[in-house]
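Chain residues, written in single-letter form:
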Protein chains: 2
Amino acid sequence: MSNKGITSRSESYSQWYLDIIDRAQLAENSSVRGCMVIKPYGYAIWENIQRELDLRIKEMGVSNAYFPLFIPKSFLSKEASHVKGFAKECAIVTHYRLKETKDGMGVEVDPEAKLEDELIVRPTSETIMYDTFSRWIESWRDLPLKINQWANIVRWERRTRLFLRTTEFLWQEGHTVHESHEESKKQVIEALEMYKRFAREVLALEMYGGKKSESEKFAGAVDTYGVEALMQDGKALQFGTSHDLGQNFAKVFNIKYINKNGELEYPWQTSWGVSTRMMGAIVMSHSDDLGLVLPPIIAPIKVVIIPIYKEGNKDKVMEFVKDVESKLSTVVDRVHLDERDFVSVGFKFNEWEKKGVPVRIEIGERDLEKKMVTIVRRDTNEKEEISVNSIGNDIKIILDNIQSELLKRSQKILEEGTTQVSSYKEFKDILKGKKGFLKAYWCGSKECEDAIKYETKATNRCFSKTGKGNCIYCGKESDKEWVFAMCY
Amino acid sequence: MSNKGITSRSESYSQWYLDIIDRAQLAENSSVRGCMVIKPYGYAIWENIQRELDLRIKEMGVSNAYFPLFIPKSFLSKEASHVKGFAKECAIVTHYRLKETKDGMGVEVDPEAKLEDELIVRPTSETIMYDTFSRWIESWRDLPLKINQWANIVRWERRTRLFLRTTEFLWQEGHTVHESHEESKKQVIEALEMYKRFAREVLALEMYGGKKSESEKFAGAVDTYGVEALMQDGKALQFGTSHDLGQNFAKVFNIKYINKNGELEYPWQTSWGVSTRMMGAIVMSHSDDLGLVLPPIIAPIKVVIIPIYKEGNKDKVMEFVKDVESKLSTVVDRVHLDERDFVSVGFKFNEWEKKGVPVRIEIGERDLEKKMVTIVRRDTNEKEEISVNSIGNDIKIILDNIQSELLKRSQKILEEGTTQVSSYKEFKDILKGKKGFLKAYWCGSKECEDAIKYETKATNRCFSKTGKGNCIYCGKESDKEWVFAMCY
């Protein structure tokens, strides 16, 4: 445990993760098992993510809409592989009324208010949406239909972990319907590429993206594509997925359209999503032993100004500070002046460091004459003095630089964390050591994939490229290289 | 039924309401009883509302956060009047797992996966939030705490009606905690005034706002304030509420703080919210027999451009149209060019009229030489010709004018729809005729209030002013005038 209450990564990576979330005030466990409270500072990051992502989703011609929280139990039985493959751990509503207990001191479930068809709190919305789509779609004129929903999702997880795996989480789910498989497949890739671009441009994260193996795909999909980021402990984190649903759901939900030749056809569908899980990826990618490190684009506060004064010179210092603040605010948004009187300057330094504010400006009396201020970059923790005259533009350049340096760092982590392996021994050795992504050939059989998973705990994350090699497990010739990793 | 598939208001106001929602594609009923699907066009209005409201909420120094969807049943028993007064119709989660049926064809609830303490899908979040607040608040330094949540809410309504009363709805709920009752009461009024300003500035709606009577207040509150709008059929619609919670919840959830004198005290709380019910108010206030009418600020499309061409002159017309579009778009946002080839011009006119787009621009070949275009205002349905040269600024002025004219119209409706009454006979006569708001003195007794409600179906909406008069029902002297109305 460091003096700032954050366990170091070398001591315990998983405790470090929880300490960062706690000290940066991002989220906490609630009184409801597995459900988190997203605290104001954490939620402000999520709002920035939402805004940036929503822009990119709309640029693909997708419209937002809202569908019911509840799904009739019977809907989940319709698509056989969806129901078989999808986890059956979910919240089930069976009653719709409480009544007062006999002693008048509390409430209990009214046994008379029992639902005939129980309702499931949505674990994903394919079924409830496609039931609706079947009424919306009549002809090719109604296609493509591109809908996105921002919503809360519930999956009854046994073991939960803030952001990474919680019973309730927030996400966006895109659902599109197309005239041809060619067009829907293009949409699947477009969504995947959008996520990768978003991760790079906004979250400063580099990642792999590609098709999943049969056993790792979404229940009910023809193909699933995933984007996979690398955490500092060498484990992968699935960041988002994009599914080619083929005509599977169209057939069971009876979505049909009249094509340009006047014939009735089943359309082709996709779905894709990312969730508050991303928040976990952000925490684990950039942060250090001092606390959270945030890319400026998603930082609730980009620059914090901390005035340093004593009883006698407060007015003088604050006048200068306010001047700096107003100069800066004309060029940079989300500038915060920490005027609190009841905590020390040292406390403020610590607090904003832990919260990952990209740039800290310290202003004391000695800075007044020089017209210079001290700034500290959170990504490198380097101090420098800059002139007040051009402070707006200078800080803007520094923020842009932090954003791009964090991405470069992430690219380097991914590159250095990826190993090309050709023998199973090497594969196992690396997983015992630095871990990371392992690029290896695999024959495509479920037996080899399962054996690798069982013996090493590493799973097939996604397709890498076509080439020529031998299956890492059975040695059979293969033309497909895949990315393996231990994962969250 | 008009030729556009919209029932006229005079024929059936309630069917007219549903027709508008259907034809403007705002929302529809889902396969889940009482739960609606908010369609893309309706949701786009909601997004505009959210953005404008969120700005104003943040201006009050409130931060967004997110709390669990589920509330432990035991939490609801804590505040006696909250549980007694609050409707007990809610969705109750009793199980957390499905299993395959024996025939393998479906799923059923796994009886072994039964929760010990059942979970309630939040009908409002006071209890789950304040349980959390009790851990967040320690000293006066943590106050005021001002939190807002955008969330979905479930109340098991018997009779539902799109937007106005649905089992699931979307809302924002603000929850604040203060050091003194004086400060919290100020917050209650600040939120109420914010809603009124928002309604005026954004939704172009005038309304009454004031304290509710004892019997109409929120379960668990010391006082409830409400804002009440008047619909075209003379019925009131409660648009939002703001509650003074006193120390009631603080006491049962054990929220305590150390004040500046070092003493442990219960803080003072408020909560306030508005919901997708507002969408119903928008539909019913401004719209006419031709369809929806939208204030420009919340219109997903402010201006629609409809090109009019034949086979031979399409390129020529479209070149001019694109030029107009780009000129306009530099000044006005949310401009939409309807380029569809497979529907007629008349169909387009109808469609955008029904959807309430504030300004329609028609451009045909004859407009090219004159450099003039025809515009149609949705609020007055008046046509005029305007020059292309200054089209951006001219349309901007027209949009501003529509926004302010709609507010004036709403102010007039409220004014003309309010009657000062001094006898119970007059009171009843007005309710049989034009209805609207009735300002009348009331003695304050529950007996009179209940009798009025039972005999006339009109309820006490909110406090009006202090003065001198006689109770409309019992004739006793009273110093308080109240606003009565039949309501949604």
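Residues numbered from 1 in each chain as written. Chains lettered and ligands numbered in written order. Predicted model: local features only at pLDDT ≥ 70, side-chain atom pairs only at ≥ 80, totals over all residues.

### Description of the relation of the copies chain A and chain B
Which entries qualify depends on this criterion: Here the copies were fitted onto each other by least squares, based on C-alpha atoms from residues at pLDDT of at least 70 in both. Each residue is represented by a C-beta atom placed from its backbone, and any two residues with such atoms within 7 Å are regarded as in contact.
When chain A is fitted to chain B, the best match, at an RMSD of 0.0 Å, comes from turning it 180° and sliding it 0.0 Å along the axis. Accordingly, the operation relating the two chain copies is best matched by a two-fold axis. Relative to the rotation axis, the C-alpha of Val93(A) is the closest in chain A, positioned 2.1 Å from it. When the interface residues of chain A are mapped onto chain B, 100% of them are again interface residues, pointing to one common binding face.

### A word on the packing of helix α9 (residues 314–329) of chain A against helix α12 (residues 391–416) of chain A
Geometrically, a packed helix pair is captured by the angle between its two axes and the distance between the axes. All names here are of chain A. Here is the rule: Angles run from 0 to 180 degrees between N-to-C directions of axes, and those axes are lines fitted to C-alpha atoms, restricted for helices to the stretch in contact. Each helix is a run of DSSP H or I of at least 4 residues and each strand a run of E of at least 2, with the numbering of both proceeding from the N terminus. For classification purposes, angles smaller than 35 degrees are called roughly parallel, those larger than 145 roughly antiparallel, those between 65 and 115 roughly perpendicular, and all remaining angles oblique. Each crossing gets its hand from how the near helix is turned against the far one by less than a right angle, where anticlockwise is left-handed and clockwise is right-handed.
Relative orientation of the contacting elements α9 and α12 amounts to 60°, with a least axis distance of 8 Å. For the element pair α9 / α12, the angle class is oblique. Classified by chirality, the crossing of α12 by α9 is right-handed. Two secondary-structure elements touch here, α9 through Val324, Lys327 and Leu328 and α12 through Ile391, Gly392 and Ile395.

### Notes on the interface of chain A and chain B
To be explicit about the condition: Polarity classes work like this: nonpolar for Ala, Val, Leu, Ile, Met, Phe, Trp, Tyr, Cys and Pro, charged for Asp, Glu, Lys and Arg, and polar for all others, with Gly in that last group. Only strands that DSSP links by at least two bridges are regarded as paired with each other.
Each partner contributes residues to the interface: chain A has 53 residues there, and chain B has 53 residues. No other element matches strand β5 (residues 89–100) of chain A, which puts 11 residues into the side of chain A that touches chain B. Across the side of chain A that touches chain B, the residue classes break down as 32 nonpolar, 10 polar and 11 charged. Across 5 bridges, β5(A) lies against strand β5 (residues 89–100) of chain B in antiparallel orientation. Its bridge partner being in β5(B), Arg97(A) is matched across the sheet by Glu89(B).

### Digging into the nonpolar core
Side chains of a nonpolar character, in soluble globular proteins, are inclined to be buried together. As a reminder of what qualifies: Take the buried Ala, Val, Leu, Ile, Met, Phe, Trp, Tyr and Cys residues, join any whose C-beta atoms are within 7 Å, and the set you get is a nonpolar core. Three exposure classes are used, all based on how many other C-beta atoms lie within 10 Å of a residue's own C-beta (placed from the backbone): buried at 20 or more, exposed at 12 or fewer, and partly exposed between those limits.
Core analysis: the largest hydrophobic core is formed by 286 residues, its most contacted members being Phe239(A), Val303(A), Ile305(A), Phe239(B) and Val303(B). If we skip the residues at most four places from it in the chain, Val303(B) touches Leu328(B), Val332(B), Val335(B), Val359(B), Ile361(B) and Ile395(B).

### Description of the domain arrangement of chain A
The following threshold applies: Those domain boundaries reflect an automatic or database domain assignment.
Domains assigned within chain A are domain 1 (13–66 + 137–286), domain 2 (301–400) and domain 3 (418–485). Taking only C-alpha atoms, the centre of domain 1 of chain A and the centre of domain 2 of chain A are 38 Å apart.

### What to know about the sheet that holds strand β9 (residues 168–178) of chain A
All names here are of chain A. Reading across from one edge, β3-β8-β9-β15-β12-β11-β10 is the order of the 7 strands in this open sheet, with mixed pairing throughout. Looking at strand neighbours, the two that pair on one side only are β3 (63–64) and β10 (207–211), the edges of this open sheet. Bridging between β9 and strand β15 (residues 268–275) involves 8 bridges; their strand directions are antiparallel. In the strand pairing of β15, Glu173 is matched with Gly273.

### Describing the sheet that holds strand β16 (residues 303–307) of chain A
Residues and elements named next belong to chain A. With mixed pairing, 5 strands are arranged side by side in an open sheet as β17-β16-β18-β19-β20. On the outer flanks of this sheet lie β17 (335–337) and β20 (383–387), each paired with one strand and no other. Taken over all neighbouring pairs, the strand axes of this sheet differ in orientation by 25° on average, direction set aside. Here β16 pairs with strand β18 (residues 359–363) via 5 bridges, running parallel. Note that in β18 the partner of Val304 across the bridge is Arg360. Sitting on the sheet, α12 touches β16, β18, β19 (372–377) and β20, and the angle it makes with β18 is about 145°.

### Observations regarding the environment of Ile6(B)
Residues and elements named next belong to chain B. As for its position among the elements, Ile6 is in the segment before α1 (13–23). When the C-alpha positions of Ile6 and Val283 are compared, they lie 13 Å apart, and in sequence the two are 277 residues distant. Once you skip the residues sitting within four places of it in the chain, Ile6 turns out to touch Trp16, Asp19, Ile20, Arg23, Asp289 and Gly291.

### A short note on the pairing of strand β12 (residues 236–246) of chain A
Residue and element names in this part refer to chain A. With 10 of 11 residues buried, β12 is to be regarded as a mostly interior element. Bridge analysis of strand β11 (residues 223–230) against β12 gives 8 bridges, and the strand direction is antiparallel. Each bridged residue has a counterpart across the sheet, and for Glu228 the counterpart in β12 is Gln238. Two elements, β12 and β15, share 6 bridges in a ladder whose sense is antiparallel. Across the sheet, residue His243 finds its bridge partner in β15, namely Ser271.

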